[in-house]
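Topology and contacts: notes
Listed below are the residues making up each chain.
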2 protein chains.
Amino acid sequence: MPASVEIINTGNELLDGRTFNTNGQWMARRCSSKGLTVKRITVVGDSLEDICAAIREALSRKPDLILITGGLGPTPDDMTAKAMARALGRKLELNEEALKMIKRAYGLEELGSSREKMAWLPEGARPLRNPVGMAPGIMVEQEGTVIIALPGVPREMEAMFKEHVEPLLDQLSAGLARFEAYFLAYGVREADIADLLEEVAHKHPGVYVKTHPKVEEGRTYLEVYVSTMASSSSEARQKMEKVIHELSEGISSRGGSFKPFRPE
Amino acid sequence: MPASVEIINTGNELLDGRTFNTNGQWMARRCSSKGLTVKRITVVGDSLEDICAAIREALSRKPDLILITGGLGPTPDDMTAKAMARALGRKLELNEEALKMIKRAYGLEELGSSREKMAWLPEGARPLRNPVGMAPGIMVEQEGTVIIALPGVPREMEAMFKEHVEPLLDQLSAGLARFEAYFLAYGVREADIADLLEEVAHKHPGVYVKTHPKVEEGRTYLEVYVSTMASSSSEARQKMEKVIHELSEGISSRGGSFKPFRPE
(Lines give C-alpha, C1' and ligand atoms only; values in the text may rest on other atoms or scores of the structure.)
Protein backbone atom coordinates (compact mmCIF):
# COMPACT_ATOMS: atom_id res chain seq x y z
CA MET A 1 0.00 0.00 0.00
CA PRO A 2 1.50 3.38 -0.96
CA ALA A 3 1.69 5.90 1.86
CA SER A 4 -1.26 8.31 1.96
CA VAL A 5 -1.35 12.10 2.11
CA GLU A 6 -4.07 14.66 2.74
CA ILE A 7 -3.61 18.30 1.79
CA ILE A 8 -5.38 21.20 3.52
CA ASN A 9 -5.05 24.62 1.90
CA THR A 10 -6.33 27.57 3.91
CA GLY A 11 -7.22 31.10 2.81
CA ASN A 12 -10.40 33.01 1.95
CA GLU A 13 -8.79 34.01 -1.36
CA LEU A 14 -8.98 30.33 -2.42
CA LEU A 15 -12.69 30.11 -1.58
CA ASP A 16 -13.84 33.25 -3.34
CA GLY A 17 -12.03 32.22 -6.51
CA ARG A 18 -9.62 35.18 -6.53
CA THR A 19 -6.62 32.86 -6.33
CA PHE A 20 -5.96 29.51 -7.99
CA ASN A 21 -5.02 26.82 -5.52
CA THR A 22 -1.63 26.36 -7.13
CA ASN A 23 -0.17 25.16 -3.81
CA GLY A 24 -2.57 22.23 -3.68
CA GLN A 25 -1.80 21.14 -7.21
CA TRP A 26 1.97 21.62 -6.80
CA MET A 27 2.09 19.57 -3.60
CA ALA A 28 -0.19 16.88 -5.03
CA ARG A 29 2.06 16.52 -8.07
CA ARG A 30 5.21 16.21 -5.95
CA CYS A 31 3.68 13.68 -3.57
CA SER A 32 2.24 11.58 -6.41
CA SER A 33 5.41 11.48 -8.44
CA LYS A 34 7.21 10.21 -5.32
CA GLY A 35 4.77 7.31 -5.24
CA LEU A 36 2.45 8.52 -2.47
CA THR A 37 -1.34 8.59 -2.85
CA VAL A 38 -3.04 11.92 -2.25
CA LYS A 39 -6.44 10.97 -0.82
CA ARG A 40 -8.05 14.37 -0.42
CA ILE A 41 -7.47 18.09 -0.88
CA THR A 42 -9.53 20.33 1.39
CA VAL A 43 -9.75 24.10 1.02
CA VAL A 44 -11.09 26.08 3.98
CA GLY A 45 -11.15 29.79 4.79
CA ASP A 46 -9.38 31.83 7.46
CA SER A 47 -11.59 30.48 10.22
CA LEU A 48 -10.31 28.83 13.39
CA GLU A 49 -13.30 26.47 13.52
CA ASP A 50 -13.06 25.47 9.86
CA ILE A 51 -9.29 24.85 9.87
CA CYS A 52 -9.57 22.92 13.13
CA ALA A 53 -12.42 20.78 11.76
CA ALA A 54 -10.52 20.04 8.55
CA ILE A 55 -7.44 18.90 10.50
CA ARG A 56 -9.52 16.78 12.88
CA GLU A 57 -11.37 15.10 10.02
CA ALA A 58 -8.15 14.42 8.11
CA LEU A 59 -6.57 12.91 11.26
CA SER A 60 -9.57 10.62 11.74
CA ARG A 61 -8.85 9.04 8.33
CA LYS A 62 -5.30 8.20 9.56
CA PRO A 63 -3.18 9.27 6.57
CA ASP A 64 0.59 8.99 6.89
CA LEU A 65 1.01 12.69 6.23
CA ILE A 66 -1.13 15.84 6.43
CA LEU A 67 0.22 18.90 4.62
CA ILE A 68 -1.29 22.30 5.47
CA THR A 69 -0.62 25.65 3.80
CA GLY A 70 -1.41 29.19 4.90
CA GLY A 71 -2.26 31.00 8.11
CA LEU A 72 1.22 31.10 9.67
CA GLY A 73 1.86 34.85 9.41
CA PRO A 74 1.61 37.67 11.95
CA THR A 75 -1.86 39.05 11.11
CA PRO A 76 -4.99 38.28 13.17
CA ASP A 77 -6.47 36.04 10.46
CA ASP A 78 -3.39 33.78 10.58
CA MET A 79 -4.55 31.02 12.92
CA THR A 80 -3.24 27.71 11.68
CA ALA A 81 -1.00 27.08 14.72
CA LYS A 82 -3.94 27.66 17.04
CA ALA A 83 -6.21 25.44 14.93
CA MET A 84 -3.56 22.67 14.96
CA ALA A 85 -3.21 22.88 18.73
CA ARG A 86 -6.97 22.68 19.19
CA ALA A 87 -7.39 19.81 16.73
CA LEU A 88 -4.60 17.86 18.45
CA GLY A 89 -5.80 18.61 21.96
CA ARG A 90 -2.53 20.36 22.79
CA LYS A 91 -1.69 23.77 24.27
CA LEU A 92 0.12 26.49 22.37
CA GLU A 93 3.55 27.20 23.83
CA LEU A 94 6.23 29.77 23.06
CA ASN A 95 8.85 27.77 21.15
CA GLU A 96 12.34 29.12 21.82
CA GLU A 97 13.82 27.73 18.61
CA ALA A 98 11.03 29.35 16.56
CA LEU A 99 11.59 32.62 18.40
CA LYS A 100 15.28 32.57 17.41
CA MET A 101 14.39 31.85 13.78
CA ILE A 102 11.99 34.80 13.66
CA LYS A 103 14.44 37.21 15.34
CA ARG A 104 17.09 36.17 12.84
CA ALA A 105 14.70 36.57 9.88
CA TYR A 106 13.73 40.12 10.87
CA GLY A 107 17.18 41.02 12.18
CA LEU A 108 15.54 42.19 15.42
CA GLU A 109 16.38 41.49 19.06
CA GLU A 110 12.91 42.46 20.32
CA LEU A 111 9.79 41.26 18.53
CA GLY A 112 6.39 42.89 18.98
CA SER A 113 3.45 40.71 19.94
CA SER A 114 2.27 40.15 16.36
CA ARG A 115 5.71 38.89 15.30
CA GLU A 116 6.12 36.84 18.47
CA LYS A 117 2.77 35.16 17.70
CA MET A 118 4.51 33.18 14.94
CA ALA A 119 6.65 31.44 17.62
CA TRP A 120 3.64 30.03 19.51
CA LEU A 121 3.42 26.42 18.37
CA PRO A 122 1.42 23.40 19.55
CA GLU A 123 3.19 21.61 22.44
CA GLY A 124 5.74 19.13 21.16
CA ALA A 125 5.89 20.67 17.66
CA ARG A 126 9.13 21.43 15.85
CA PRO A 127 9.59 24.70 13.93
CA LEU A 128 10.80 24.39 10.34
CA ARG A 129 13.28 26.93 9.01
CA ASN A 130 11.87 29.30 6.36
CA PRO A 131 14.81 30.17 4.07
CA VAL A 132 12.95 32.90 2.12
CA GLY A 133 10.36 34.42 4.48
CA MET A 134 9.56 35.22 8.08
CA ALA A 135 7.17 32.59 9.43
CA PRO A 136 8.62 29.21 10.40
CA GLY A 137 6.74 26.07 9.39
CA ILE A 138 5.38 23.63 11.96
CA MET A 139 5.94 19.87 12.17
CA VAL A 140 4.24 17.65 14.68
CA GLU A 141 3.36 13.96 14.94
CA GLN A 142 0.20 12.47 16.38
CA GLU A 143 -0.91 8.83 16.41
CA GLY A 144 1.30 7.86 13.48
CA THR A 145 0.39 10.85 11.30
CA VAL A 146 2.99 13.52 10.56
CA ILE A 147 1.42 16.97 10.23
CA ILE A 148 3.38 19.72 8.48
CA ALA A 149 2.17 23.31 8.10
CA LEU A 150 3.90 25.60 5.58
CA PRO A 151 3.26 29.25 4.64
CA GLY A 152 0.76 30.01 1.86
CA VAL A 153 3.09 32.25 -0.16
CA PRO A 154 4.07 29.86 -3.00
CA ARG A 155 7.80 30.64 -3.14
CA GLU A 156 8.08 30.13 0.62
CA MET A 157 5.99 26.94 0.51
CA GLU A 158 8.04 25.51 -2.36
CA ALA A 159 11.42 26.24 -0.79
CA MET A 160 10.32 24.73 2.51
CA PHE A 161 8.72 21.73 0.83
CA LYS A 162 12.02 20.89 -0.84
CA GLU A 163 13.97 21.34 2.39
CA HIS A 164 11.64 19.69 4.91
CA VAL A 165 9.00 17.58 3.13
CA GLU A 166 10.86 15.84 0.30
CA PRO A 167 13.22 13.88 2.56
CA LEU A 168 10.14 12.63 4.39
CA LEU A 169 8.45 11.65 1.13
CA ASP A 170 11.49 9.61 0.13
CA GLN A 171 11.27 7.84 3.46
CA LEU A 172 7.50 7.20 3.14
CA SER A 173 7.59 6.07 -0.49
CA ALA A 174 9.99 3.20 0.30
CA GLY A 175 11.64 3.39 -3.11
CA LEU A 176 8.42 3.39 -5.16
CA ALA A 177 7.65 6.02 -7.78
CA ARG A 178 4.79 6.67 -10.17
CA PHE A 179 5.31 5.89 -13.86
CA GLU A 180 2.91 7.27 -16.44
CA ALA A 181 2.03 6.93 -20.12
CA TYR A 182 -0.44 8.91 -22.21
CA PHE A 183 -2.33 7.83 -25.32
CA LEU A 184 -4.92 9.29 -27.64
CA ALA A 185 -7.88 7.24 -28.85
CA TYR A 186 -9.78 8.34 -31.95
CA GLY A 187 -12.97 6.89 -33.38
CA VAL A 188 -14.38 5.54 -30.12
CA ARG A 189 -16.39 7.20 -27.38
CA GLU A 190 -16.09 6.49 -23.64
CA ALA A 191 -19.33 4.52 -23.73
CA ASP A 192 -17.93 2.26 -26.50
CA ILE A 193 -14.97 1.16 -24.40
CA ALA A 194 -16.52 1.17 -20.90
CA ASP A 195 -16.60 -2.67 -20.91
CA LEU A 196 -12.99 -2.85 -22.12
CA LEU A 197 -11.83 -0.51 -19.34
CA GLU A 198 -13.68 -2.56 -16.75
CA GLU A 199 -12.13 -5.79 -18.03
CA VAL A 200 -8.60 -4.35 -18.08
CA ALA A 201 -8.98 -2.86 -14.59
CA HIS A 202 -10.18 -6.20 -13.29
CA LYS A 203 -7.34 -8.19 -14.88
CA HIS A 204 -4.58 -5.75 -13.92
CA PRO A 205 -5.38 -4.19 -10.55
CA GLY A 206 -1.86 -2.75 -10.20
CA VAL A 207 -2.24 -0.55 -13.28
CA TYR A 208 -4.51 2.49 -13.36
CA VAL A 209 -6.30 3.58 -16.55
CA LYS A 210 -8.45 6.68 -16.96
CA THR A 211 -10.05 8.26 -20.01
CA HIS A 212 -10.72 11.96 -20.50
CA PRO A 213 -13.03 13.07 -23.34
CA LYS A 214 -11.60 16.02 -25.30
CA VAL A 215 -12.74 18.18 -28.19
CA GLU A 216 -10.46 19.91 -30.68
CA GLU A 217 -11.74 21.85 -33.67
CA GLY A 218 -15.06 20.01 -33.38
CA ARG A 219 -13.38 16.59 -33.39
CA THR A 220 -13.89 14.51 -30.27
CA TYR A 221 -11.31 12.07 -28.97
CA LEU A 222 -10.17 10.47 -25.73
CA GLU A 223 -7.03 11.12 -23.78
CA VAL A 224 -6.05 7.87 -22.06
CA TYR A 225 -3.83 7.97 -18.99
CA VAL A 226 -2.08 4.81 -17.79
CA SER A 227 0.00 4.72 -14.61
CA THR A 228 1.53 2.33 -12.11
CA MET A 229 3.72 2.34 -9.03
CA ALA A 230 7.04 0.59 -9.42
CA SER A 231 10.58 0.66 -8.12
CA SER A 232 12.15 1.04 -11.56
CA SER A 233 11.15 2.08 -15.06
CA SER A 234 11.80 -1.44 -16.39
CA GLU A 235 9.47 -2.89 -13.76
CA ALA A 236 6.88 -0.26 -14.66
CA ARG A 237 7.24 -1.01 -18.38
CA GLN A 238 6.69 -4.69 -17.70
CA LYS A 239 3.57 -4.00 -15.64
CA MET A 240 2.08 -1.59 -18.17
CA GLU A 241 3.00 -3.45 -21.40
CA LYS A 242 0.11 -5.93 -21.37
CA VAL A 243 -2.44 -3.28 -20.39
CA ILE A 244 -1.37 -1.04 -23.26
CA HIS A 245 -1.49 -3.97 -25.67
CA GLU A 246 -5.01 -4.94 -24.54
CA LEU A 247 -6.24 -1.36 -24.78
CA SER A 248 -4.77 -1.01 -28.26
CA GLU A 249 -6.30 -4.29 -29.48
CA GLY A 250 -9.66 -3.55 -27.87
CA ILE A 251 -9.90 -0.09 -29.35
CA SER A 252 -8.87 -1.31 -32.82
CA SER A 253 -11.47 -4.07 -32.73
CA ARG A 254 -14.08 -1.40 -31.97
CA GLY A 255 -13.03 0.52 -35.05
CA GLY A 256 -10.88 3.11 -33.27
CA SER A 257 -7.20 4.02 -33.31
CA PHE A 258 -4.82 4.27 -30.36
CA LYS A 259 -1.46 6.00 -30.30
CA PRO A 260 1.08 7.28 -27.78
CA PHE A 261 0.94 10.95 -26.88
CA ARG A 262 3.26 13.29 -25.01
CA PRO A 263 1.36 15.91 -23.00
CA GLU A 264 2.88 19.40 -22.66
CA MET B 1 -26.18 35.92 6.53
CA PRO B 2 -25.20 35.21 2.90
CA ALA B 3 -26.23 31.81 1.55
CA SER B 4 -23.50 29.17 1.86
CA VAL B 5 -22.06 26.82 -0.74
CA GLU B 6 -19.77 23.81 -0.60
CA ILE B 7 -17.98 22.54 -3.70
CA ILE B 8 -16.89 18.92 -4.19
CA ASN B 9 -14.66 18.20 -7.19
CA THR B 10 -14.05 14.53 -7.98
CA GLY B 11 -11.36 12.92 -10.11
CA ASN B 12 -8.05 11.15 -9.54
CA GLU B 13 -6.44 13.55 -12.03
CA LEU B 14 -7.05 16.38 -9.52
CA LEU B 15 -5.38 14.46 -6.69
CA ASP B 16 -2.23 13.42 -8.52
CA GLY B 17 -1.63 16.97 -9.68
CA ARG B 18 -1.99 16.21 -13.41
CA THR B 19 -4.90 18.60 -13.73
CA PHE B 20 -5.51 22.01 -12.14
CA ASN B 21 -8.82 22.19 -10.32
CA THR B 22 -10.06 24.93 -12.62
CA ASN B 23 -13.68 23.85 -12.06
CA GLY B 24 -13.42 24.53 -8.34
CA GLN B 25 -11.95 27.97 -8.84
CA TRP B 26 -14.40 28.89 -11.61
CA MET B 27 -17.45 27.86 -9.57
CA ALA B 28 -16.11 29.54 -6.44
CA ARG B 29 -15.61 32.79 -8.34
CA ARG B 30 -19.15 32.71 -9.77
CA CYS B 31 -20.78 31.91 -6.45
CA SER B 32 -18.78 34.57 -4.60
CA SER B 33 -19.44 37.33 -7.07
CA LYS B 34 -23.16 36.56 -6.72
CA GLY B 35 -22.84 37.25 -2.99
CA LEU B 36 -22.76 33.66 -1.71
CA THR B 37 -20.11 32.39 0.69
CA VAL B 38 -18.12 29.36 -0.39
CA LYS B 39 -17.32 27.56 2.86
CA ARG B 40 -15.26 24.65 1.63
CA ILE B 41 -13.85 23.04 -1.53
CA THR B 42 -13.19 19.30 -1.24
CA VAL B 43 -11.33 17.27 -3.84
CA VAL B 44 -11.68 13.50 -3.71
CA GLY B 45 -10.74 10.73 -6.14
CA ASP B 46 -12.84 8.33 -8.21
CA SER B 47 -13.83 6.26 -5.18
CA LEU B 48 -17.40 5.49 -4.20
CA GLU B 49 -16.54 5.62 -0.50
CA ASP B 50 -14.63 8.89 -0.72
CA ILE B 51 -17.25 10.73 -2.81
CA CYS B 52 -20.02 9.42 -0.56
CA ALA B 53 -18.15 10.54 2.59
CA ALA B 54 -17.49 14.01 1.14
CA ILE B 55 -21.18 14.49 0.31
CA ARG B 56 -22.30 13.22 3.71
CA GLU B 57 -19.88 15.50 5.53
CA ALA B 58 -20.90 18.52 3.46
CA LEU B 59 -24.60 17.80 4.13
CA SER B 60 -23.93 17.60 7.86
CA ARG B 61 -22.73 21.24 7.79
CA LYS B 62 -26.08 22.26 6.27
CA PRO B 63 -25.02 24.59 3.44
CA ASP B 64 -27.72 26.01 1.18
CA LEU B 65 -26.07 24.46 -1.87
CA ILE B 66 -23.62 21.65 -2.63
CA LEU B 67 -22.04 21.67 -6.09
CA ILE B 68 -20.34 18.50 -7.30
CA THR B 69 -18.31 17.98 -10.48
CA GLY B 70 -17.16 14.82 -12.23
CA GLY B 71 -18.08 11.15 -12.27
CA LEU B 72 -21.26 11.34 -14.34
CA GLY B 73 -20.02 9.60 -17.49
CA PRO B 74 -20.45 6.03 -18.79
CA THR B 75 -17.17 4.46 -17.61
CA PRO B 76 -16.89 2.23 -14.53
CA ASP B 77 -15.02 4.87 -12.53
CA ASP B 78 -17.92 7.31 -12.95
CA MET B 79 -19.85 6.82 -9.72
CA THR B 80 -21.14 10.15 -8.52
CA ALA B 81 -24.85 9.23 -8.93
CA LYS B 82 -24.33 6.08 -6.87
CA ALA B 83 -22.36 8.01 -4.22
CA MET B 84 -25.12 10.64 -4.03
CA ALA B 85 -27.79 7.98 -3.61
CA ARG B 86 -25.82 6.28 -0.86
CA ALA B 87 -25.02 9.55 0.95
CA LEU B 88 -28.70 10.58 0.83
CA GLY B 89 -30.01 7.17 1.84
CA ARG B 90 -31.95 6.82 -1.43
CA LYS B 91 -32.10 4.13 -4.07
CA LEU B 92 -30.91 4.58 -7.64
CA GLU B 93 -33.76 4.48 -10.13
CA LEU B 94 -33.91 4.59 -13.91
CA ASN B 95 -35.07 8.13 -14.65
CA GLU B 96 -37.20 8.25 -17.81
CA GLU B 97 -36.50 11.92 -18.49
CA ALA B 98 -32.75 11.33 -18.20
CA LEU B 99 -33.06 8.33 -20.53
CA LYS B 100 -34.73 10.52 -23.16
CA MET B 101 -32.01 13.18 -22.84
CA ILE B 102 -29.26 10.58 -23.36
CA LYS B 103 -30.99 8.96 -26.34
CA ARG B 104 -31.38 12.37 -27.92
CA ALA B 105 -27.73 13.29 -27.22
CA TYR B 106 -26.39 10.12 -28.88
CA GLY B 107 -29.09 10.02 -31.55
CA LEU B 108 -29.77 6.40 -30.61
CA GLU B 109 -33.01 4.56 -29.87
CA GLU B 110 -31.30 1.73 -27.98
CA LEU B 111 -28.61 2.50 -25.41
CA GLY B 112 -26.13 -0.12 -24.21
CA SER B 113 -25.77 -0.68 -20.47
CA SER B 114 -22.85 1.71 -20.06
CA ARG B 115 -24.81 4.55 -21.68
CA GLU B 116 -27.98 3.66 -19.82
CA LYS B 117 -26.01 3.87 -16.56
CA MET B 118 -26.06 7.67 -16.91
CA ALA B 119 -29.87 7.63 -16.53
CA TRP B 120 -29.79 5.92 -13.14
CA LEU B 121 -30.31 8.77 -10.66
CA PRO B 122 -31.05 8.90 -6.93
CA GLU B 123 -34.79 8.59 -6.23
CA GLY B 124 -36.52 11.96 -6.44
CA ALA B 125 -33.67 13.60 -8.38
CA ARG B 126 -34.18 15.72 -11.48
CA PRO B 127 -31.90 15.36 -14.52
CA LEU B 128 -30.36 18.57 -15.87
CA ARG B 129 -30.03 18.99 -19.62
CA ASN B 130 -26.45 18.94 -20.93
CA PRO B 131 -26.40 21.21 -23.99
CA VAL B 132 -22.86 20.28 -25.08
CA GLY B 133 -22.22 16.70 -23.92
CA MET B 134 -23.82 13.37 -23.21
CA ALA B 135 -24.26 13.00 -19.45
CA PRO B 136 -27.16 14.85 -17.82
CA GLY B 137 -26.53 16.68 -14.56
CA ILE B 138 -28.36 15.73 -11.35
CA MET B 139 -30.32 17.99 -9.01
CA VAL B 140 -31.82 16.83 -5.76
CA GLU B 141 -32.88 18.47 -2.50
CA GLN B 142 -32.46 17.07 0.99
CA GLU B 143 -33.20 18.74 4.32
CA GLY B 144 -33.01 22.26 2.93
CA THR B 145 -29.81 21.71 0.94
CA VAL B 146 -29.89 21.70 -2.86
CA ILE B 147 -27.32 19.30 -4.33
CA ILE B 148 -26.30 19.69 -7.97
CA ALA B 149 -23.87 17.39 -9.79
CA LEU B 150 -22.36 18.53 -13.10
CA PRO B 151 -19.90 16.82 -15.48
CA GLY B 152 -16.17 17.37 -14.92
CA VAL B 153 -15.39 18.41 -18.51
CA PRO B 154 -15.02 22.18 -18.07
CA ARG B 155 -16.97 23.31 -21.14
CA GLU B 156 -19.89 21.05 -20.18
CA MET B 157 -19.76 22.17 -16.55
CA GLU B 158 -19.67 25.85 -17.51
CA ALA B 159 -22.56 25.63 -19.96
CA MET B 160 -24.69 23.74 -17.45
CA PHE B 161 -23.73 26.04 -14.60
CA LYS B 162 -25.01 29.03 -16.58
CA GLU B 163 -28.23 27.26 -17.51
CA HIS B 164 -29.09 25.50 -14.26
CA VAL B 165 -27.08 26.95 -11.36
CA GLU B 166 -27.01 30.71 -11.98
CA PRO B 167 -30.80 31.20 -11.69
CA LEU B 168 -30.59 29.43 -8.34
CA LEU B 169 -27.70 31.63 -7.21
CA ASP B 170 -29.76 34.73 -8.02
CA GLN B 171 -32.54 33.34 -5.90
CA LEU B 172 -30.22 32.43 -2.99
CA SER B 173 -28.28 35.70 -3.02
CA ALA B 174 -31.43 37.76 -2.41
CA GLY B 175 -30.11 40.70 -4.41
CA LEU B 176 -26.74 40.90 -2.67
CA ALA B 177 -23.47 40.92 -4.56
CA ARG B 178 -19.81 41.12 -3.61
CA PHE B 179 -17.96 44.41 -4.20
CA GLU B 180 -14.19 44.50 -4.10
CA ALA B 181 -11.31 46.95 -4.06
CA TYR B 182 -7.58 46.30 -4.25
CA PHE B 183 -4.73 48.41 -2.89
CA LEU B 184 -0.97 48.19 -2.68
CA ALA B 185 0.89 49.09 0.51
CA TYR B 186 4.59 49.90 0.35
CA GLY B 187 7.02 50.50 3.21
CA VAL B 188 5.17 48.41 5.81
CA ARG B 189 5.24 44.71 6.55
CA GLU B 190 2.28 42.60 7.66
CA ALA B 191 3.60 42.52 11.22
CA ASP B 192 3.70 46.36 11.29
CA ILE B 193 0.00 46.67 10.54
CA ALA B 194 -1.38 43.57 12.31
CA ASP B 195 -2.83 45.77 15.08
CA LEU B 196 -4.36 48.17 12.53
CA LEU B 197 -6.04 45.29 10.68
CA GLU B 198 -7.41 43.91 13.92
CA GLU B 199 -8.80 47.31 14.91
CA VAL B 200 -10.43 47.90 11.52
CA ALA B 201 -11.94 44.38 11.45
CA HIS B 202 -13.37 44.93 14.91
CA LYS B 203 -14.87 48.34 14.09
CA HIS B 204 -16.32 47.33 10.70
CA PRO B 205 -17.46 43.70 10.84
CA GLY B 206 -19.32 44.01 7.51
CA VAL B 207 -16.16 44.76 5.57
CA TYR B 208 -13.49 42.17 4.90
CA VAL B 209 -9.79 43.10 4.67
CA LYS B 210 -6.94 40.75 3.85
CA THR B 211 -3.26 41.36 3.15
CA HIS B 212 -1.06 39.27 0.85
CA PRO B 213 2.74 39.74 1.00
CA LYS B 214 4.31 39.99 -2.46
CA VAL B 215 7.81 40.32 -3.84
CA GLU B 216 8.70 41.96 -7.13
CA GLU B 217 12.28 42.44 -8.29
CA GLY B 218 13.46 41.98 -4.71
CA ARG B 219 11.07 44.67 -3.41
CA THR B 220 8.49 43.47 -0.89
CA TYR B 221 5.04 45.00 -0.63
CA LEU B 222 1.51 44.08 0.43
CA GLU B 223 -1.52 43.56 -1.74
CA VAL B 224 -4.56 44.63 0.28
CA TYR B 225 -7.98 43.24 -0.63
CA VAL B 226 -11.12 44.92 0.69
CA SER B 227 -14.60 43.53 0.04
CA THR B 228 -18.17 43.76 1.24
CA MET B 229 -21.61 42.42 0.42
CA ALA B 230 -24.13 45.04 -0.67
CA SER B 231 -27.20 45.43 -2.83
CA SER B 232 -25.71 48.29 -4.89
CA SER B 233 -22.34 49.77 -5.69
CA SER B 234 -23.24 53.02 -3.89
CA GLU B 235 -24.11 51.08 -0.74
CA ALA B 236 -20.84 49.16 -1.07
CA ARG B 237 -18.87 52.38 -1.55
CA GLN B 238 -20.44 53.84 1.57
CA LYS B 239 -19.57 50.74 3.63
CA MET B 240 -15.99 50.55 2.36
CA GLU B 241 -15.13 54.28 2.38
CA LYS B 242 -14.32 54.56 6.11
CA VAL B 243 -12.33 51.35 6.15
CA ILE B 244 -10.20 52.49 3.22
CA HIS B 245 -9.65 55.87 4.87
CA GLU B 246 -8.59 54.25 8.16
CA LEU B 247 -6.24 51.84 6.38
CA SER B 248 -4.69 54.70 4.42
CA GLU B 249 -4.19 56.87 7.52
CA GLY B 250 -2.90 53.97 9.58
CA ILE B 251 -0.38 52.89 6.96
CA SER B 252 0.82 56.47 6.40
CA SER B 253 1.32 57.01 10.14
CA ARG B 254 3.50 53.88 10.16
CA GLY B 255 5.70 55.36 7.43
CA GLY B 256 4.14 53.47 4.51
CA SER B 257 2.19 54.39 1.40
CA PHE B 258 -1.19 53.09 0.25
CA LYS B 259 -2.65 53.36 -3.24
CA PRO B 260 -5.45 51.82 -5.30
CA PHE B 261 -4.53 48.98 -7.64
CA ARG B 262 -6.32 47.20 -10.44
CA PRO B 263 -5.45 43.48 -10.63
CA GLU B 264 -5.21 41.77 -14.04
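As shown above, the structure is provided for reference.
Notes on the structure follow.

Parameters and conventions
- Residues numbered from 1 in each chain as written.
- Chains lettered and ligands numbered in written order.
- Predicted model: local features only at pLDDT ≥ 70, side-chain atom pairs only at ≥ 80, totals over all residues.
- Heavy atoms only, no water.
- Contact = heavy atoms within 4.5 Å.
- Buried area = accessible area lost by both parts, 1.4 Å probe.
- Salt bridge = Lys/Arg side-chain N within 4 Å of Asp/Glu carboxyl O.
- Polar contact = N/O pair within 3.5 Å; in protein donor to acceptor, adjacent residues only side chain to side chain.
- Helix = DSSP H or I, 4+ residues; strand = E, 2+ residues; numbered from the N terminus.
- Nonpolar A, V, L, I, M, F, W, Y, C, P; charged D, E, K, R; others polar.
- Pairing = 2+ DSSP bridges.
- Least-squares fit on C-alpha atoms with pLDDT ≥ 70 in both.
- Axes fitted to C-alpha atoms, helices over the stretch in contact; angles between N-to-C directions.
- Buried < 20%, exposed > 50% of the residue type's maximum accessible area, 1.4 Å probe, protein only.
- Lys, Arg positive; Asp, Glu negative; His and termini not counted.

Before going further, it helps to spend a moment on the interface of chain A and chain B. With 57 residues of chain A at the contact, the number on the chain B side is 57 residues. Roughly 4500 Å² is buried in total at the junction of chain A and chain B, and carbon and sulfur atoms are behind 52% of that figure. Ranking the residues of chain A by area buried against chain B places Leu15(A), Arg18(A) and Arg40(A) at the top, with a combined share of 14%. Taken together, the connections running from chain A to chain B amount to twelve salt bridges. Notably, a salt bridge pairs Asp50(A) with Lys39(B), separated by 3.4 Å at the nearest N-O pair. Counting the contacts that link chain A with chain B gives 22 residue pairs in polar contact (both at pLDDT 80 or more). Among the elements of the structure, helix 1 (12-15), helix 2 (22-33), strand 2 (37-44), helix 3 (48-60), helix 6 (113-116), strand 9 (177-186), helix 8 (190-203) and strand 10 (207-216) of chain A are those that each provide at least two residues to the side of chain A that touches chain B. Here the side of chain A that touches chain B is composed, by residue class, of 24 nonpolar, 13 polar and 20 charged. Strand direction decides the pairing type here: strand 2 of chain A and strand 2 (residues 37-44) of chain B, joined by five bridges, are antiparallel. Residue pairing in the sheet places Ile41(A) in a bridge with Val43(B) of strand 2 of chain B.

The operation relating chain A to chain B is a screw motion whose rotation component is 180°, with 0.0 Å of axial translation and a residual RMSD of 0.0 Å. The two molecules are tied by a two-fold rotation axis, judged by turn and shift. Minimal C-alpha distance to the rotation axis in chain A is attained by Thr42(A), lying at 2.3 Å. When you check the interface residues of chain A against chain B, 100% turn up at the interface there too, and the contact is symmetric in its surfaces.

Strand order across the open sheet formed by twelve strands is 6(A)-7(A)-8(A)-3(A)-1(A)-2(A)-2(B)-1(B)-3(B)-8(B)-7(B)-6(B), with mixed pairing between neighbours. The open sheet has two edge strands with one neighbour each: strand 6 (126-128) of chain A together with strand 6 (126-128) of chain B. For this sheet, the mean angle separating the axes of adjacent strands, direction not counted, is 20°. Judged from the five bridges that link them, strand 1 (residues 4-10) of chain B and strand 3 (residues 65-69) of chain B form a sheet pairing that is parallel. The residue of strand 3 of chain B that forms the bridge with Ile7(B) is Leu67(B). On top of the sheet, helix 2 (residues 22-33) of chain B reaches strand 1, strand 2, strand 3 and strand 8 (145-150) of chain B; it is set at about 165° to strand 1 of chain B, its chief contact.

So, about the pattern of salt bridges. Close approach of charged atoms allows side chains with opposite charge to pair. Enumeration according to the criterion identifies 32 salt bridges over all chains in this entry. Here Arg61(A) makes a salt bridge to Glu6(A), at a shortest N to O gap of 2.6 Å. Of this pair, Arg61(A) sits in the loop between helix 3 and strand 3 (65-69) while Glu6(A) sits in strand 1 (residues 4-10), and the two are 55 residues apart along the sequence. The network of salt bridges with shared partners includes Glu6(A), Arg40(A), Arg61(A) and Glu57(B).

Position of Arg178(B) among the secondary structure elements: in strand 9 (residues 177-186). Buried charge without a partner: Arg178(B) forms no salt bridge, and the closest opposite charge is Asp16(A), 4.3 Å away. A polar atom in the side chain of Arg178(B) sits 3.3 Å from the backbone oxygen of Ser32(B). Excluding anything up to four places from it in sequence, Arg178(B) contacts Asp16(A), Ser32(B), Ser33(B), Gly35(B), Leu36(B), Tyr225(B), Ser227(B), Thr228(B) and Met229(B).

As a further point, take the sheet that holds strand 11 (residues 219-230) of chain A. All names here are of chain A. Taken together, the four strands give an open sheet; going across it, the order is 10-11-9-12, and neighbouring strands pair in antiparallel fashion. Of all the strands in the sheet, the pair left with one neighbour each is strand 10 and strand 12 (257-261). The mean inter-strand angle of the sheet, taken between neighbouring strand axes irrespective of direction, is 30°. Where strand 9 and strand 12 come together, five bridges link them in antiparallel fashion. Each residue of the ladder has a partner; that of Leu-184, found in strand 12, is Lys-259.

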